[in-house]
Amino acid sequence: MLRTVPLLLLPLAAAAAPLTFEKDVRPLLKAHCTHCHGEEEKPDGGVDLRLRRFMDLTLDGGDRLLVPGKPEESALVHIIRSGEMPKKGSAMPEAELAVIERWIREGAKTLRPEPLALAPGAVISEEDRSWWAFQPVNRPAVPKADPAQVRTPVDAFLLAKLGEPGLGFAPEADRRTLIRRLSLDLTGLLPTPEEVEAFVADASPMAYENLVERLLGSPAYGERWARHWLDVAGYADSNGYAEADSVRPHAWRYRDYVIRSLNDDKPWDVFIQEQLAGDELAGATHGDFQQAVLDPRRTDQLIATAFLRLAPDGTGDTVDDAKLARNQVIAEQIKIMSSSLMGLTVACAQCHDHRYDPVTQQDYYRLRAVFDPAYQWESWRTPAQRQYSLYSPEERARAAEIEVKARGIEAEARAMSKKFLDEIFEVEILKLPEAERAPYREARATEEKNRTPEQKALIKKYPSALATYSLDLYDKKKQDLVNAKMAEAAKLRTTKPAEGFVMALMEVKGQVPKSALFNRGDHEQPKQEVQPGEIGVLAGPSIEPFQPVPVSSGSSGRRLAYAQWLTSGRHPLTARVLVNRFWLNHMGRGLVNTPGDFGRQGELPSHPELLDWLADTFVREGWKLKPLHRLIVLSSAYRQSSVHEASLRQDPENRLYGRFRLRRLDAESLRDSLLAVSGALVSDRFGPPSGVGLDPQGRVVVGIDKGTITTHKVEPGGAADFRRSIYVQMRRTRPVTVLDTFDAPSMVPNCEMRAQTTVAPQSLLLMNDTFILDSARRLADRLERERPGDPRAQFERAWSLLQGRPATARDLDAGLAYLEEQTRSLADYHRANPPAKGAPAPNPAGEAMASLCQILCSSNRFLYIE
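Summarised in this report is the structure supplied together with it. (Residues numbered from 1 in each chain as written. Predicted model: local features only at pLDDT ≥ 70, side-chain atom pairs only at ≥ 80, totals over all residues. Heavy atoms only, no water.)

Bringing the packing of helix α21 (residues 574–587) against helix α22 (residues 608–620) into the picture now. One can describe the packing of α21 onto α22 by two numbers: an axis separation of 9 Å at closest approach and a directional angle of 105°. By the angle between their directions, the pair α21 and α22 is classed as roughly perpendicular. Here Ala575, Arg576, Leu578, Val579, Asn580, Phe582 and Trp583 of α21 lie close against α22, whose contacting residues are Leu610, Leu611, Asp612, Leu614, Ala615, Phe618 and Val619. Along the lines of polarity and charge, the residues of the contact of α21 with α22 split into 11 nonpolar, 1 polar and 2 charged. (Axes fitted to C-alpha atoms, helices over the stretch in contact; angles between N-to-C directions. Helix = DSSP H or I, 4+ residues; strand = E, 2+ residues; numbered from the N terminus. Parallel < 35°, antiparallel > 145°, perpendicular 65-115°, else oblique. Contact = heavy atoms within 4.5 Å. Nonpolar A, V, L, I, M, F, W, Y, C, P; charged D, E, K, R; others polar.)

Turning to helix α31 (residues 844–857), a few remarks are in order. For α31, built from 14 residues, the straight-helix expectation of 20 Å at 1.5 Å per residue is met to within 8% by its first-to-last C-alpha distance of 20 Å. Counted residue by residue, α31 has 10 buried out of 14 residues, so it is predominantly covered. Among the residues of α31, those classed as buried are Pro844, Ala848, Met849, Ala850, Ser851, Leu852, Cys853, Gln854, Leu856 and Cys857. Those residues of α31 that are buried lie in contact with α25 (667–677), α27 (760–768), α28 (770–786), α29 (791–803), α30 (809–832) and α32 (860–863). (Expected span 1.5 Å × (residues − 1). Buried < 20%, exposed > 50% of the residue type's maximum accessible area, 1.4 Å probe, protein only.)

Now for the pattern of salt bridges. The tally for this structure, following the rule as stated, stands at 69 salt bridges. A salt bridge links Asp705 to Arg734; the shortest N-O distance between them is 2.9 Å. You can see Asp705 sitting in strand β8 (residues 704–705) and its partner Arg734 sitting in the loop between β9 (714–715) and α26 (737–741), a full 29 residues away along the chain. Overall, the relative accessible area of 36% leaves Asp705 in the partly exposed class. As a salt-bridge pair, Glu715 and Lys713 come within 3.6 Å of each other at their nearest N and O atoms. Residue class for Lys713 comes out partly exposed when judged on its relative accessible area of 42%. Here the salt bridges do not stand alone but share partners, grouping Glu223, Arg671, Asp672, Arg685 and Arg724 into one network. (Salt bridge = Lys/Arg side-chain N within 4 Å of Asp/Glu carboxyl O.)

Turning our eyes to something else, we now look at the packing of aromatic side chains. Taken as a whole, this structure holds 25 aromatic pairs when the rule is applied. Relative to Phe307, the ring of Trp229 has its centre 6.0 Å away and its plane inclined at 15°; by these criteria the two rings are stacked. Of this pair, Trp229 sits in helix α10 (residues 219–233) while Phe307 sits in the loop between α13 (296–304) and α14 (322–341); the two residues are 78 residues apart in sequence, bridging distant segments of the chain. Owing to a relative accessible area of 1%, Phe307 belongs among the buried residues under this scheme. Note on Phe686 and Tyr727: the rings are 6.5 Å apart at their centroids and 85° apart in plane angle, and the pair reads as edge-to-face. Placement of Phe686 in the loop between α25 and β6 (692–694) and of Tyr727 in the loop between β9 and α26 is noted, with a sequence separation of 41 residues between them. Its relative accessible area of 31% is what places Phe686 among the partly exposed residues. For Tyr727, a relative accessible area of 0% puts it in the buried group. Members of the aromatic cluster, each reached through a chain of ring pairs, are Trp229, Tyr235, Tyr254, Tyr257, Trp268, Phe271, Phe307, Phe582, Phe618 and Trp623. Lying over the aromatic face of Tyr638, Arg181 brings its terminal NZ or CZ to 5.9 Å of the ring centre. The ring of Phe660 carries the charged tip of Arg181 above its face, separated from the ring centre by 3.6 Å. (Phe/Tyr/Trp six-rings, centres within 6.5 Å; stacked < 30°, edge-to-face > 60°. Lys NZ or Arg CZ within 6 Å of the ring centre and 35° of its normal.)

Treat this as a map of the structure, not an account of what it does.
Structure below.
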């Protein structure tokens, strides 16, 4: 039987053997009780539940807390069952209380002798340390299996498990299914009909392998697989946190860095080190980074550190509590880092020791101390203050020179304007009584803030004589001369070299703040000082005592030391977590199907030996992803059909991988594929994102936002509107409607695994959304261009574009019958409702084809990957 959440299975797992405190009861008490009864300096009521021997206690009322052999006389059971405890959090489930009762009934035994005393705080037990995810990665032997079914070692591991219930692989999928599956998996785009037919006709024994190589070498590969990493990294083009959700204008450089890195097959140890400590690798600090930006490689390393800037950050906007907002940024970033690279819910230890996993609050703040010199919450820098210019010294000097000239022109314009106004004044002052002219001159020459009451009254008496307002009111030609000088300055400024900026994280040279543990996670209640280090249960001689890497730039070197430890190959989690995500994205289900939680609340691995073999292979082969892709997609397991009755019946969740997991197109693949088949997809890569805005119907669409506080309006953005979805602006509070409806990631703060929902709004969107309707019309127009005047050929082309296979005779008959009926109905409608004068002439046949295209775009055969 495959195990899932351990706590839920304790009653079943314990049925075969006597229960013990360490293995069966302590995890329950830790989850519900010991945060008040043992882990605090003074346990509530004097009751400490961290050890069995501490429970030999008589309470104030005379009841014994624990009576071995007699759960009915044990106050512990009565207190929990009555709901009196736990006071915080949810009640203990009845099934878990039953475990405690049975343990008491069996004599309340322990596995080993217990210590006489414990220091206050959490206890890391031998059972905690022996948790599977904390053990070193070992390379298991590849199981023996039928050579006829084994294409890569992956198959041997899976067949060994499948054989236990008498299952095997499903038959291999046909070539049309395989190229569609592989193209969407590796590039996020449908194959063209021409590519499908070429693959089907390819008689080479290496046809499939050649297809894999072509797709891995496509620029679209990096765009597709970058999206997977951007999910777990928490990428967004806005800051979130505050209501303003202000834009991050330079976040896109990080997105492009990820795409380029994946296309180049950059080793993931380098990829991770650059993201955690690229500034330290580049030798840059907050006040001294100019040399780094002159070197493209070092610039990339700086860009990579935006990974540590991706958490929601409202500190540049209006927030209620600025100090809280700063610390929340750090907390959310630690959550992103730990879930993406370690598969642990470390954030649960921010306020108290972790309820389930051996992560103490001390551990949390030691880990935070690794990053404190870069964030410095008490000397905080807002998002705008963490943007760094890419100007070279020559460009900066050229820009300064142009600015001096532009300001000189503006000074000339001001002088010209003053001269003209003075000339006008000399005319206007003659209209005043002679006795008041001299005082008026003096009043005009005096700065407004320094004028006497008498001067102010005099100016108020003759306001038109002041002649210091708009020159345009007196002499438009002279104003035009002045305006020409303002325009000249503006034009000159456009000749400045374009100044780009990097969103990055750097330390201030020589500044290493003291780090402290916050009582209950409250930054206003710092307790003891802590030193940087690894989570205790993971620490070993390779990382403890923690030693920063000496960095010549003056940065602390803490993050580089930690990044090198994570990617050393000796860390028990990093490689496992990464290969599990890669497997999940290929196979639709992770070997550990809680990819962000390898702790006790997560699922146990379905194939632990395969997970370790993949992790070890990944490290041995230089942390490169493309070789791992080949191991997976070249396997027989990956090439299976999605139809296998025996597997579906015995293993409905496909934990054993006895068939390919049928799944719907993800949000980006759906939008991108519709753009591609309609002929609208623009392949422009990299650069600032395409904009989004709210249209009058309240939907978020791609385009130029022209809305105001009271109105919603989006204007077309030209070719930018038709770029791939990865290049569309990702606003935390404004997800594009068509993507959001189909389960695009929600960055709070990151997305560990996407949901796969089937809900009514998806069907409604496919029926009514303007993007779908426009895509259908564009596809119909394409069909008319490619197969003019031939409905049969147009239908066949549409079918092959969307589904990658020819239409059957039955499909063809049904489609043509629909076209004929719809064309007739639309013609009748237009005859009864003629268009307005000057409006385009109706085209019933074209409208009918667009309607049919919409149906095909909404069909399961298009929407699902077999």
